Amino acid sequence: MSTHPSDQDRPDEQRRRDESNERDEPFDLVGVGLGPFNLSLAALADGLPGLRTRFFEARPGFSWHPGLLLPGTRLQVPFLADLVTLADPTSRWSFLSYLHAHDRLFRFYFHERFHLLRQEYDDYCRWVATGLAATRFGSRVDALRWRPDTGLFEVEVSAQADGHTLAARTTRTALARNIVLGVGTEPSVPAAFAGLLGPEVFHSAEYRTRRAALAGAGHVTVVGSGQSGAEVFLDLLRAQPETGQALHWITRTPAFAPMEYSKLGLEQFTPDYVRYFHGLDQSAKDALLPSQWQLYKGIDAETIAEIYDLLYERTVAGAAVDAALLPHVTIESGTRTAAGRIRLICRHVPQDRVFTVETDRVVLATGYAARRPTLLGPVADLLDLDAAGRYQVDAAYRLATAPRVSGRIYVQNAELHTHGVGTPDLGLGAWRAAVILDDLTGGAAYRVPPRSAFTTFGAPTDTPAPGPGPASGMSRPTTGPAAGSTDTGAGPAAGPAVRPRRGDVPAPTGGGGQWTDRNGP
(Lines give C-alpha, C1' and ligand atoms only; values in the text may rest on other atoms or scores of the structure.)
Protein backbone atom coordinates (compact mmCIF):
# COMPACT_ATOMS: atom_id res chain seq x y z
CA MET A 1 0.00 0.00 0.00
CA SER A 2 1.08 3.50 -0.64
CA THR A 3 1.94 6.17 1.83
CA HIS A 4 -0.09 9.35 1.85
CA PRO A 5 1.16 12.87 2.38
CA SER A 6 0.14 14.82 5.44
CA ASP A 7 -1.15 18.35 5.18
CA GLN A 8 2.39 19.55 5.82
CA ASP A 9 3.64 17.52 2.84
CA ARG A 10 1.23 19.03 0.35
CA PRO A 11 2.63 21.29 -2.36
CA ASP A 12 2.90 24.96 -1.43
CA GLU A 13 0.18 25.89 -3.91
CA GLN A 14 -2.29 23.49 -2.32
CA ARG A 15 -1.44 24.68 1.20
CA ARG A 16 -2.13 28.23 0.07
CA ARG A 17 -5.46 27.08 -1.33
CA ASP A 18 -6.24 25.49 2.02
CA GLU A 19 -5.48 28.67 3.91
CA SER A 20 -7.33 30.98 1.54
CA ASN A 21 -10.31 28.63 1.33
CA GLU A 22 -10.82 28.96 5.08
CA ARG A 23 -11.60 32.60 4.40
CA ASP A 24 -13.99 31.81 1.55
CA GLU A 25 -17.12 31.47 3.63
CA PRO A 26 -19.87 31.28 2.86
CA PHE A 27 -19.01 28.15 0.91
CA ASP A 28 -20.97 27.49 -2.24
CA LEU A 29 -21.33 23.86 -1.16
CA VAL A 30 -20.65 22.00 2.08
CA GLY A 31 -20.59 18.20 2.01
CA VAL A 32 -21.46 16.07 5.02
CA GLY A 33 -19.70 12.71 4.94
CA LEU A 34 -16.80 11.45 2.83
CA GLY A 35 -17.55 8.07 1.40
CA PRO A 36 -16.85 7.39 -2.28
CA PHE A 37 -19.85 9.42 -3.51
CA ASN A 38 -19.11 12.70 -1.75
CA LEU A 39 -15.42 12.12 -2.43
CA SER A 40 -16.30 11.86 -6.13
CA LEU A 41 -18.17 15.15 -5.87
CA ALA A 42 -15.23 16.77 -4.08
CA ALA A 43 -12.79 15.53 -6.74
CA LEU A 44 -14.91 16.77 -9.64
CA ALA A 45 -15.57 20.09 -7.88
CA ASP A 46 -11.81 20.50 -7.55
CA GLY A 47 -11.66 21.01 -11.30
CA LEU A 48 -14.14 23.90 -11.34
CA PRO A 49 -12.53 27.31 -10.88
CA GLY A 50 -14.27 29.65 -8.50
CA LEU A 51 -16.37 27.01 -6.77
CA ARG A 52 -15.84 27.15 -3.00
CA THR A 53 -16.45 23.85 -1.24
CA ARG A 54 -15.75 22.07 2.02
CA PHE A 55 -16.39 18.42 2.89
CA PHE A 56 -16.52 17.23 6.50
CA GLU A 57 -16.08 13.67 7.78
CA ALA A 58 -16.18 12.53 11.40
CA ARG A 59 -13.73 9.66 10.93
CA PRO A 60 -10.02 10.46 11.25
CA GLY A 61 -9.30 9.33 7.69
CA PHE A 62 -10.85 7.70 4.65
CA SER A 63 -11.88 4.09 5.11
CA TRP A 64 -14.20 2.14 2.83
CA HIS A 65 -15.98 -0.86 4.37
CA PRO A 66 -12.91 -1.91 6.40
CA GLY A 67 -14.71 -4.94 7.80
CA LEU A 68 -15.02 -6.45 4.32
CA LEU A 69 -11.57 -5.72 2.89
CA LEU A 70 -10.78 -9.42 2.74
CA PRO A 71 -7.73 -10.60 0.78
CA GLY A 72 -8.50 -11.20 -2.87
CA THR A 73 -11.95 -9.58 -2.89
CA ARG A 74 -12.72 -7.30 -5.81
CA LEU A 75 -15.17 -4.61 -6.85
CA GLN A 76 -18.11 -5.71 -8.96
CA VAL A 77 -17.65 -2.79 -11.33
CA PRO A 78 -14.73 -2.10 -13.71
CA PHE A 79 -11.93 0.30 -12.83
CA LEU A 80 -13.44 2.98 -15.07
CA ALA A 81 -16.05 3.35 -12.31
CA ASP A 82 -13.56 5.30 -10.25
CA LEU A 83 -14.33 8.64 -8.64
CA VAL A 84 -14.15 10.77 -11.79
CA THR A 85 -13.48 9.02 -15.10
CA LEU A 86 -17.05 8.51 -16.33
CA ALA A 87 -17.61 12.26 -15.93
CA ASP A 88 -14.10 13.58 -16.63
CA PRO A 89 -11.52 11.13 -18.05
CA THR A 90 -8.89 13.89 -17.96
CA SER A 91 -9.14 14.49 -14.20
CA ARG A 92 -5.96 14.32 -12.15
CA TRP A 93 -7.93 12.22 -9.64
CA SER A 94 -8.58 9.22 -11.89
CA PHE A 95 -7.53 5.70 -10.97
CA LEU A 96 -5.02 5.71 -13.83
CA SER A 97 -3.51 8.90 -12.39
CA TYR A 98 -3.23 7.10 -9.05
CA LEU A 99 -1.40 4.22 -10.74
CA HIS A 100 0.91 6.65 -12.49
CA ALA A 101 1.65 8.49 -9.25
CA HIS A 102 2.58 5.19 -7.59
CA ASP A 103 4.56 3.73 -10.54
CA ARG A 104 2.07 0.90 -10.97
CA LEU A 105 0.81 1.45 -14.52
CA PHE A 106 2.85 -1.33 -16.11
CA ARG A 107 2.08 -3.71 -13.27
CA PHE A 108 -1.64 -3.01 -13.67
CA TYR A 109 -1.30 -3.42 -17.43
CA PHE A 110 0.13 -6.92 -17.03
CA HIS A 111 -2.23 -7.71 -14.15
CA GLU A 112 -4.98 -7.85 -16.82
CA ARG A 113 -7.88 -7.59 -14.41
CA PHE A 114 -10.69 -5.18 -15.20
CA HIS A 115 -12.07 -5.28 -11.65
CA LEU A 116 -10.02 -3.74 -8.86
CA LEU A 117 -9.01 -5.33 -5.61
CA ARG A 118 -11.07 -3.72 -2.88
CA GLN A 119 -7.93 -2.98 -0.91
CA GLU A 120 -6.51 -1.08 -3.88
CA TYR A 121 -9.74 0.85 -4.42
CA ASP A 122 -9.67 1.82 -0.75
CA ASP A 123 -6.06 2.99 -1.11
CA TYR A 124 -6.90 4.94 -4.27
CA CYS A 125 -9.75 6.75 -2.53
CA ARG A 126 -7.48 7.55 0.41
CA TRP A 127 -4.93 9.03 -2.00
CA VAL A 128 -7.61 11.31 -3.47
CA ALA A 129 -9.04 12.23 -0.06
CA THR A 130 -5.61 13.20 1.23
CA GLY A 131 -4.72 15.21 -1.86
CA LEU A 132 -7.85 17.35 -2.06
CA ALA A 133 -7.74 20.73 -0.37
CA ALA A 134 -11.45 20.75 0.46
CA THR A 135 -11.60 17.61 2.63
CA ARG A 136 -11.65 17.79 6.43
CA PHE A 137 -11.44 14.55 8.39
CA GLY A 138 -11.93 14.33 12.14
CA SER A 139 -14.71 16.90 11.72
CA ARG A 140 -18.18 15.83 12.75
CA VAL A 141 -21.22 17.79 11.61
CA ASP A 142 -23.58 17.94 14.58
CA ALA A 143 -26.39 20.17 13.31
CA LEU A 144 -27.67 21.95 10.22
CA ARG A 145 -29.75 25.12 10.49
CA TRP A 146 -31.38 27.37 7.90
CA ARG A 147 -31.18 31.13 8.40
CA PRO A 148 -33.80 32.86 6.25
CA ASP A 149 -32.44 36.30 7.13
CA THR A 150 -29.11 35.53 5.46
CA GLY A 151 -30.24 32.86 2.99
CA LEU A 152 -27.51 30.57 4.32
CA PHE A 153 -27.16 27.26 6.09
CA GLU A 154 -25.27 27.19 9.38
CA VAL A 155 -23.27 23.99 9.71
CA GLU A 156 -22.22 23.19 13.27
CA VAL A 157 -18.92 21.29 13.15
CA SER A 158 -17.13 19.60 16.03
CA ALA A 159 -13.51 18.98 15.09
CA GLN A 160 -10.55 17.25 16.66
CA ALA A 161 -8.28 19.85 18.20
CA ASP A 162 -5.03 17.97 17.85
CA GLY A 163 -5.71 15.78 14.85
CA HIS A 164 -4.95 12.59 16.76
CA THR A 165 -7.43 12.06 19.59
CA LEU A 166 -11.04 12.80 20.39
CA ALA A 167 -10.15 14.05 23.85
CA ALA A 168 -10.17 17.70 22.87
CA ARG A 169 -12.61 19.04 20.31
CA THR A 170 -13.37 22.51 19.07
CA THR A 171 -16.74 23.62 17.74
CA ARG A 172 -17.24 26.11 14.95
CA THR A 173 -19.98 27.13 12.56
CA ALA A 174 -19.43 27.07 8.81
CA LEU A 175 -21.72 29.00 6.48
CA ALA A 176 -22.95 27.46 3.25
CA ARG A 177 -25.29 28.35 0.44
CA ASN A 178 -25.96 24.70 -0.35
CA ILE A 179 -25.51 21.29 1.28
CA VAL A 180 -24.88 17.78 -0.02
CA LEU A 181 -25.54 14.84 2.29
CA GLY A 182 -23.30 11.83 1.72
CA VAL A 183 -23.66 10.17 5.11
CA GLY A 184 -24.00 6.74 3.55
CA THR A 185 -26.03 3.83 4.79
CA GLU A 186 -25.85 1.90 8.03
CA PRO A 187 -25.90 -1.86 8.69
CA SER A 188 -29.41 -3.29 8.67
CA VAL A 189 -30.21 -5.69 11.52
CA PRO A 190 -33.39 -7.83 11.25
CA ALA A 191 -35.81 -7.58 14.14
CA ALA A 192 -35.15 -11.21 15.09
CA PHE A 193 -31.58 -10.29 16.08
CA ALA A 194 -32.12 -6.85 17.62
CA GLY A 195 -31.61 -8.09 21.18
CA LEU A 196 -28.77 -10.50 20.37
CA LEU A 197 -26.03 -8.24 19.03
CA GLY A 198 -22.68 -8.73 20.73
CA PRO A 199 -19.63 -11.00 20.51
CA GLU A 200 -21.71 -13.92 19.22
CA VAL A 201 -23.92 -12.02 16.76
CA PHE A 202 -22.61 -9.19 14.59
CA HIS A 203 -23.02 -7.60 11.18
CA SER A 204 -20.75 -8.50 8.28
CA ALA A 205 -19.62 -4.85 8.20
CA GLU A 206 -17.45 -5.83 11.17
CA TYR A 207 -16.39 -9.23 9.88
CA ARG A 208 -12.69 -8.64 9.29
CA THR A 209 -12.18 -6.87 12.61
CA ARG A 210 -14.25 -9.40 14.58
CA ARG A 211 -13.34 -12.58 12.79
CA ALA A 212 -11.18 -13.66 15.73
CA ALA A 213 -14.37 -13.85 17.83
CA LEU A 214 -15.40 -16.86 15.74
CA ALA A 215 -12.43 -18.89 16.96
CA GLY A 216 -13.49 -21.87 19.00
CA ALA A 217 -17.08 -21.80 17.77
CA GLY A 218 -18.26 -25.20 16.66
CA HIS A 219 -21.06 -23.89 14.45
CA VAL A 220 -21.31 -20.60 12.53
CA THR A 221 -24.36 -19.32 10.64
CA VAL A 222 -24.23 -16.71 7.90
CA VAL A 223 -27.51 -14.91 7.24
CA GLY A 224 -27.98 -13.19 3.87
CA SER A 225 -26.96 -14.11 0.34
CA GLY A 226 -25.72 -10.94 -1.30
CA GLN A 227 -22.08 -10.49 -2.25
CA SER A 228 -21.06 -9.80 1.36
CA GLY A 229 -22.76 -12.97 2.60
CA ALA A 230 -21.12 -15.03 -0.13
CA GLU A 231 -17.67 -13.65 0.65
CA VAL A 232 -18.06 -14.32 4.38
CA PHE A 233 -19.31 -17.86 3.73
CA LEU A 234 -16.47 -18.51 1.28
CA ASP A 235 -13.90 -17.25 3.78
CA LEU A 236 -15.30 -19.57 6.47
CA LEU A 237 -15.49 -22.46 4.01
CA ARG A 238 -11.86 -22.03 3.00
CA ALA A 239 -10.82 -22.14 6.64
CA GLN A 240 -13.06 -25.09 7.52
CA PRO A 241 -10.35 -27.78 7.29
CA GLU A 242 -8.41 -25.91 10.01
CA THR A 243 -11.33 -24.71 12.15
CA GLY A 244 -13.56 -27.76 11.88
CA GLN A 245 -16.58 -25.47 12.06
CA ALA A 246 -20.00 -26.58 10.85
CA LEU A 247 -21.55 -23.93 8.62
CA HIS A 248 -25.08 -22.83 7.78
CA TRP A 249 -25.85 -20.26 5.10
CA ILE A 250 -29.44 -19.01 5.27
CA THR A 251 -31.18 -16.53 3.00
CA ARG A 252 -34.75 -15.43 2.36
CA THR A 253 -34.09 -14.99 -1.37
CA PRO A 254 -35.29 -17.87 -3.59
CA ALA A 255 -31.77 -18.90 -4.60
CA PHE A 256 -28.07 -18.23 -4.19
CA ALA A 257 -28.26 -16.41 -7.48
CA PRO A 258 -25.71 -14.56 -9.59
CA MET A 259 -25.87 -10.83 -10.08
CA GLU A 260 -27.20 -9.71 -13.44
CA TYR A 261 -24.10 -9.10 -15.53
CA SER A 262 -25.21 -9.36 -19.14
CA LYS A 263 -24.35 -6.37 -21.27
CA LEU A 264 -27.94 -5.33 -21.97
CA GLY A 265 -28.93 -6.12 -18.39
CA LEU A 266 -26.27 -3.74 -17.14
CA GLU A 267 -27.94 -0.91 -19.04
CA GLN A 268 -30.20 -0.62 -16.02
CA PHE A 269 -27.18 1.05 -14.43
CA THR A 270 -27.09 3.88 -16.97
CA PRO A 271 -28.24 7.49 -16.72
CA ASP A 272 -30.97 6.59 -19.24
CA TYR A 273 -32.53 4.10 -16.84
CA VAL A 274 -32.19 6.46 -13.88
CA ARG A 275 -34.11 9.14 -15.78
CA TYR A 276 -36.76 6.63 -16.85
CA PHE A 277 -37.20 5.26 -13.33
CA HIS A 278 -37.38 8.72 -11.80
CA GLY A 279 -40.24 9.60 -14.15
CA LEU A 280 -42.42 6.70 -12.98
CA ASP A 281 -45.21 7.14 -10.46
CA GLN A 282 -44.01 6.38 -6.94
CA SER A 283 -46.41 3.43 -6.65
CA ALA A 284 -44.85 1.89 -9.75
CA LYS A 285 -41.36 2.42 -8.35
CA ASP A 286 -42.25 0.80 -5.05
CA ALA A 287 -43.68 -2.23 -6.87
CA LEU A 288 -40.73 -2.54 -9.25
CA LEU A 289 -37.79 -2.32 -6.84
CA PRO A 290 -38.32 -5.63 -4.97
CA SER A 291 -38.42 -7.52 -8.26
CA GLN A 292 -34.98 -6.21 -9.20
CA TRP A 293 -33.07 -7.78 -6.30
CA GLN A 294 -30.80 -9.74 -8.64
CA LEU A 295 -29.51 -6.48 -10.11
CA TYR A 296 -27.91 -5.34 -6.88
CA LYS A 297 -28.25 -8.12 -4.28
CA GLY A 298 -26.88 -11.02 -6.30
CA ILE A 299 -23.46 -12.66 -6.13
CA ASP A 300 -20.74 -12.39 -8.74
CA ALA A 301 -20.33 -15.58 -10.77
CA GLU A 302 -16.68 -16.06 -9.77
CA THR A 303 -17.54 -16.20 -6.06
CA ILE A 304 -20.40 -18.63 -6.66
CA ALA A 305 -18.13 -20.83 -8.75
CA GLU A 306 -15.42 -20.94 -6.07
CA ILE A 307 -17.94 -21.87 -3.39
CA TYR A 308 -19.33 -24.66 -5.55
CA ASP A 309 -15.88 -25.93 -6.50
CA LEU A 310 -14.80 -26.12 -2.85
CA LEU A 311 -17.95 -28.02 -1.93
CA TYR A 312 -17.41 -30.37 -4.87
CA GLU A 313 -13.74 -30.99 -4.02
CA ARG A 314 -14.55 -31.83 -0.42
CA THR A 315 -17.09 -34.48 -1.38
CA VAL A 316 -14.62 -36.55 -3.43
CA ALA A 317 -14.77 -40.26 -2.60
CA GLY A 318 -18.06 -39.87 -0.79
CA ALA A 319 -16.80 -37.50 1.88
CA ALA A 320 -19.36 -35.28 3.59
CA VAL A 321 -19.03 -31.52 3.86
CA ASP A 322 -20.41 -29.99 7.04
CA ALA A 323 -22.21 -27.09 5.39
CA ALA A 324 -25.89 -26.44 4.77
CA LEU A 325 -27.12 -23.89 2.19
CA LEU A 326 -30.74 -22.91 2.82
CA PRO A 327 -32.48 -20.48 0.40
CA HIS A 328 -36.05 -19.17 0.63
CA VAL A 329 -35.92 -19.27 4.42
CA THR A 330 -36.97 -16.49 6.78
CA ILE A 331 -35.77 -16.27 10.37
CA GLU A 332 -38.73 -15.42 12.56
CA SER A 333 -37.00 -15.16 15.94
CA GLY A 334 -33.70 -15.67 17.71
CA THR A 335 -33.06 -16.44 21.38
CA ARG A 336 -30.19 -17.47 23.62
CA THR A 337 -30.34 -20.94 25.10
CA ALA A 338 -29.37 -21.85 28.64
CA ALA A 339 -26.17 -23.30 27.20
CA GLY A 340 -25.28 -19.93 25.63
CA ARG A 341 -26.05 -20.92 22.05
CA ILE A 342 -28.26 -19.02 19.59
CA ARG A 343 -31.54 -20.69 18.66
CA LEU A 344 -33.06 -19.56 15.37
CA ILE A 345 -36.70 -20.27 14.54
CA CYS A 346 -36.83 -20.50 10.77
CA ARG A 347 -39.58 -20.92 8.19
CA HIS A 348 -39.18 -22.33 4.70
CA VAL A 349 -41.50 -20.05 2.77
CA PRO A 350 -42.80 -22.20 -0.14
CA GLN A 351 -43.34 -25.23 2.11
CA ASP A 352 -44.54 -23.16 5.06
CA ARG A 353 -42.55 -25.42 7.35
CA VAL A 354 -40.93 -24.27 10.60
CA PHE A 355 -37.61 -25.65 11.76
CA THR A 356 -34.91 -24.76 14.30
CA VAL A 357 -31.19 -24.09 13.89
CA GLU A 358 -28.90 -23.90 16.93
CA THR A 359 -25.59 -22.19 16.36
CA ASP A 360 -22.69 -20.66 18.28
CA ARG A 361 -22.11 -17.55 16.16
CA VAL A 362 -24.13 -15.55 13.64
CA VAL A 363 -22.77 -13.20 10.98
CA LEU A 364 -25.50 -10.94 9.59
CA ALA A 365 -24.88 -10.16 5.94
CA THR A 366 -28.27 -8.47 5.87
CA GLY A 367 -27.40 -5.38 3.91
CA TYR A 368 -27.55 -1.68 4.60
CA ALA A 369 -30.29 0.91 4.87
CA ALA A 370 -30.38 4.64 4.29
CA ARG A 371 -30.71 6.69 7.45
CA ARG A 372 -31.86 10.19 8.19
CA PRO A 373 -29.02 11.79 10.14
CA THR A 374 -29.79 13.47 13.45
CA LEU A 375 -28.02 16.60 12.24
CA LEU A 376 -31.15 17.36 10.21
CA GLY A 377 -33.18 17.78 13.40
CA PRO A 378 -33.17 21.61 13.32
CA VAL A 379 -34.48 21.61 9.70
CA ALA A 380 -36.81 18.61 9.98
CA ASP A 381 -39.91 20.78 9.69
CA LEU A 382 -38.55 22.26 6.45
CA LEU A 383 -38.31 18.90 4.63
CA ASP A 384 -41.20 17.95 2.36
CA LEU A 385 -41.46 14.17 2.83
CA ASP A 386 -43.67 11.72 0.95
CA ALA A 387 -46.59 9.79 2.45
CA ALA A 388 -44.20 7.09 3.68
CA GLY A 389 -41.98 9.63 5.45
CA ARG A 390 -39.22 9.41 2.83
CA TYR A 391 -37.26 12.15 1.10
CA GLN A 392 -38.75 13.52 -2.10
CA VAL A 393 -35.78 13.86 -4.46
CA ASP A 394 -35.93 15.56 -7.83
CA ALA A 395 -33.97 14.71 -10.99
CA ALA A 396 -31.05 16.87 -9.86
CA TYR A 397 -30.84 15.04 -6.50
CA ARG A 398 -32.32 17.97 -4.56
CA LEU A 399 -34.54 17.35 -1.57
CA ALA A 400 -37.98 18.92 -1.67
CA THR A 401 -38.07 21.60 1.01
CA ALA A 402 -40.35 24.37 2.20
CA PRO A 403 -40.62 27.27 -0.31
CA ARG A 404 -38.87 29.65 2.10
CA VAL A 405 -35.65 27.63 1.85
CA SER A 406 -33.75 29.10 -1.09
CA GLY A 407 -30.64 26.99 -0.52
CA ARG A 408 -30.46 23.48 -1.85
CA ILE A 409 -29.93 20.20 -0.01
CA TYR A 410 -28.64 17.45 -2.28
CA VAL A 411 -28.42 13.76 -1.36
CA GLN A 412 -26.23 10.91 -2.52
CA ASN A 413 -27.15 7.26 -1.91
CA ALA A 414 -30.39 8.12 -0.11
CA GLU A 415 -32.66 8.00 -3.15
CA LEU A 416 -33.16 4.32 -3.97
CA HIS A 417 -36.93 4.79 -3.80
CA THR A 418 -36.87 7.71 -6.26
CA HIS A 419 -33.95 6.93 -8.60
CA GLY A 420 -33.78 3.14 -8.59
CA VAL A 421 -31.27 0.31 -8.35
CA GLY A 422 -28.32 2.40 -9.56
CA THR A 423 -28.40 4.52 -6.41
CA PRO A 424 -25.65 2.60 -4.51
CA ASP A 425 -23.71 1.69 -7.68
CA LEU A 426 -20.18 3.03 -7.95
CA GLY A 427 -20.52 3.12 -11.74
CA LEU A 428 -23.07 5.94 -11.52
CA GLY A 429 -21.29 7.90 -8.78
CA ALA A 430 -19.29 10.23 -11.03
CA TRP A 431 -22.29 10.87 -13.28
CA ARG A 432 -24.51 11.75 -10.32
CA ALA A 433 -21.81 14.10 -8.97
CA ALA A 434 -21.62 15.76 -12.41
CA VAL A 435 -25.42 16.19 -12.45
CA ILE A 436 -25.28 17.87 -9.04
CA LEU A 437 -22.43 20.15 -10.07
CA ASP A 438 -24.18 20.96 -13.33
CA ASP A 439 -27.28 21.97 -11.39
CA LEU A 440 -25.21 23.90 -8.88
CA THR A 441 -23.41 25.95 -11.53
CA GLY A 442 -26.33 26.54 -13.87
CA GLY A 443 -24.95 24.19 -16.52
CA ALA A 444 -21.24 25.09 -16.61
CA ALA A 445 -19.71 22.06 -14.93
CA TYR A 446 -19.46 18.85 -16.96
CA ARG A 447 -20.87 17.53 -20.20
CA VAL A 448 -23.71 15.16 -19.31
CA PRO A 449 -24.46 12.86 -22.28
CA PRO A 450 -28.06 12.82 -23.53
CA ARG A 451 -28.05 9.08 -24.19
CA SER A 452 -25.99 6.20 -22.85
CA ALA A 453 -28.03 3.01 -23.47
CA PHE A 454 -29.21 1.11 -26.52
CA THR A 455 -32.33 0.01 -24.65
CA THR A 456 -35.48 2.11 -24.78
CA PHE A 457 -36.91 1.82 -21.28
CA GLY A 458 -40.19 3.66 -21.76
CA ALA A 459 -42.92 3.19 -24.34
CA PRO A 460 -41.79 4.56 -27.73
CA THR A 461 -43.49 7.78 -28.69
CA ASP A 462 -41.82 8.61 -31.98
CA THR A 463 -39.74 7.08 -34.73
CA PRO A 464 -36.10 6.68 -33.73
CA ALA A 465 -33.66 8.69 -35.76
CA PRO A 466 -30.28 7.25 -36.76
CA GLY A 467 -27.19 8.41 -34.94
CA PRO A 468 -26.46 9.27 -31.31
CA GLY A 469 -29.67 11.18 -30.62
CA PRO A 470 -32.23 10.43 -27.92
CA ALA A 471 -33.52 6.89 -27.58
CA SER A 472 -36.91 6.06 -29.02
CA GLY A 473 -39.62 7.07 -26.64
CA MET A 474 -37.49 9.80 -25.09
CA SER A 475 -38.06 13.41 -26.06
CA ARG A 476 -35.00 15.45 -26.93
CA PRO A 477 -33.49 16.74 -23.67
CA THR A 478 -33.92 20.31 -22.61
CA THR A 479 -32.29 22.39 -19.92
CA GLY A 480 -35.39 22.31 -17.75
CA PRO A 481 -36.37 19.77 -15.10
CA ALA A 482 -36.31 16.14 -16.24
CA ALA A 483 -39.56 14.36 -16.83
CA GLY A 484 -41.11 13.27 -13.60
CA SER A 485 -39.06 15.64 -11.50
CA THR A 486 -40.44 18.11 -9.01
CA ASP A 487 -39.09 21.58 -9.65
CA THR A 488 -38.33 23.18 -6.31
CA GLY A 489 -38.02 26.62 -7.84
CA ALA A 490 -34.40 26.77 -6.76
CA GLY A 491 -32.99 27.07 -10.25
CA PRO A 492 -32.50 24.76 -13.25
CA ALA A 493 -32.59 21.03 -12.64
CA ALA A 494 -29.77 19.00 -14.10
CA GLY A 495 -31.46 17.59 -17.13
CA PRO A 496 -29.64 15.53 -19.75
CA ALA A 497 -28.77 18.46 -21.99
CA VAL A 498 -25.30 18.62 -23.50
CA ARG A 499 -23.44 21.33 -21.63
CA PRO A 500 -20.24 23.21 -22.29
CA ARG A 501 -17.31 21.07 -21.22
CA ARG A 502 -16.12 23.40 -18.48
CA GLY A 503 -14.53 26.76 -18.04
CA ASP A 504 -14.87 29.75 -15.85
CA VAL A 505 -17.85 29.17 -13.61
CA PRO A 506 -20.58 31.77 -14.26
CA ALA A 507 -22.43 33.69 -11.62
CA PRO A 508 -23.95 31.16 -9.21
CA THR A 509 -27.63 30.31 -9.48
CA GLY A 510 -30.18 29.66 -6.77
CA GLY A 511 -29.70 30.23 -3.07
CA GLY A 512 -30.82 33.85 -3.09
CA GLY A 513 -28.94 34.64 -6.30
CA GLN A 514 -25.89 32.61 -5.21
CA TRP A 515 -24.63 29.09 -5.88
CA THR A 516 -26.50 26.23 -5.62
CA ASP A 517 -21.35 -0.60 -3.74
CA ARG A 518 -23.51 -2.33 -6.17
CA ASN A 519 -20.54 -1.30 -3.98
CA GLY A 520 -21.44 1.84 -2.52
CA PRO A 521 -21.21 2.98 1.03
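Computed from a predicted structure; not experimentally measured.

Here is what the cut-offs are and how they apply
Within any chain, residue numbers begin from 1 and follow the written order of that chain's sequence. Two thresholds apply to this predicted model, a pLDDT of at least 70 for residue-level local features and 80 or more for giving and counting side-chain atom pairs, whereas whole-chain, interface and lining totals are computed over all residues. The side-chain figures draw on all heavy atoms in the structure; neither hydrogens nor water molecules are used. The helix count covers DSSP runs of H or I at least four residues long, the strand count covers runs of E at least two residues long, and both are numbered beginning at the N terminus. Only protein chains enter the accessibility calculation, which uses a 1.4 Å probe; a residue whose area is less than 20% of its type maximum is buried, one above 50% is exposed, and one in between is partly exposed. Using a 1.4 Å probe, accessible areas were evaluated by the Shrake-Rupley method; residue-level cover was limited to the displayed protein chains. Pairing of aromatic rings covers Phe, Tyr and Trp, the last counted by its six-membered ring, and requires centre-to-centre distances within 6.5 Å; plane angles under 30 degrees mean stacked, over 60 mean edge-to-face, and any other angle means tilted. One speaks of a salt bridge when a side-chain nitrogen belonging to Lys or Arg is within 4 Å of a carboxyl oxygen belonging to Asp or Glu. Residue types Ala, Val, Leu, Ile, Met, Phe, Trp, Tyr and Cys, when buried and joined through side-chain atoms within 4.5 Å, form a set referred to as a nonpolar core. Definition of a polar contact: a pair of N or O atoms within 3.5 Å, with one able to donate and the other able to accept a hydrogen when the atoms are protein atoms, and with sequence-neighbouring residues admitted only if both atoms are side-chain atoms. Here the rule is simple: two strands pair whenever DSSP picks up at least two bridges between them. Only the contacting stretch of a helix is used when fitting its axis, a line to C-alpha atoms as for every element, and angles between N-to-C directions run 0 to 180 degrees.

**Looking at the overall build of the chain**
Within the chain, the secondary structure is distributed over 13 helices and 20 strands. Counting across all 521 residues of the chain, residues that qualify as buried make up 51%. Only carbon and sulfur atoms are counted for the fraction: they give 54% of the accessible area of the chain, which is about 22,900 Å².

**Examining the packing of aromatic side chains**
The full count for this structure, using the stated rule, is 23 aromatic pairs. The interplanar angle of 85° and the centroid separation of 5.6 Å between the aromatic rings of Phe-95 and Tyr-124 together place this pair among those described as edge-to-face. Note that Phe-95 is positioned in helix α3 (residues 95-101) and Tyr-124 in helix α5 (residues 118-131), a separation of 29 residues in sequence. For the pair Phe-95 and Tyr-124, one class covers both residues: buried.

**Re the pattern of salt bridges**
Applying the stated criterion to the full structure yields 29 salt bridges. The partner of Asp-122 in a salt bridge is Arg-126, and the shortest N-O contact between them spans 2.3 Å. Of this pair, Asp-122 and Arg-126 both sit in helix α5, four residues apart, roughly one helical turn. A relative accessible area of 22% places Arg-126 in the partly exposed class. For Glu-186, the salt bridge identified is with Arg-371, shortest N-O distance 3.9 Å. Note that Glu-186 is positioned in strand β10 (residues 185-187) and Arg-371 in the loop between β19 (368-370) and β20 (408-411), a separation of 185 residues in sequence. The exposure class assigned to Glu-186 is partly exposed, which follows from its relative accessible area of 39%. Take Arg-371: its relative accessible area is 32%, and that puts it in the partly exposed class.

**Considerations on the nonpolar core**
One finds Ile-179 and Leu-437 to be the most contacted residues of the largest nonpolar core, which totals 80 residues. Broken down by element, the residue count for this core peaks at eight residues, all from helix α13 (residues 429-440).

**Section: the side chain of Thr-130**
Of note, Thr-130 is situated in helix α5. Overall, the relative accessible area of 17% leaves Thr-130 in the buried class. Separated by 2.8 Å, the side chain of Thr-130 and the backbone oxygen of Arg-126 make a polar contact.

**Some words on the sheet that holds strand β16 (residues 342-348)**
Read from one edge of the open sheet, three strands run β15-β16-β17, paired in antiparallel fashion. Looking along the sheet, the strands with just one partner apiece sit at the ends: β15 (329-336) and β17 (353-359). Sheet twist, expressed as the mean angle between neighbouring strand axes with direction ignored, is 25°.

By themselves, these are just geometric observations and shouldn't be taken as functional.
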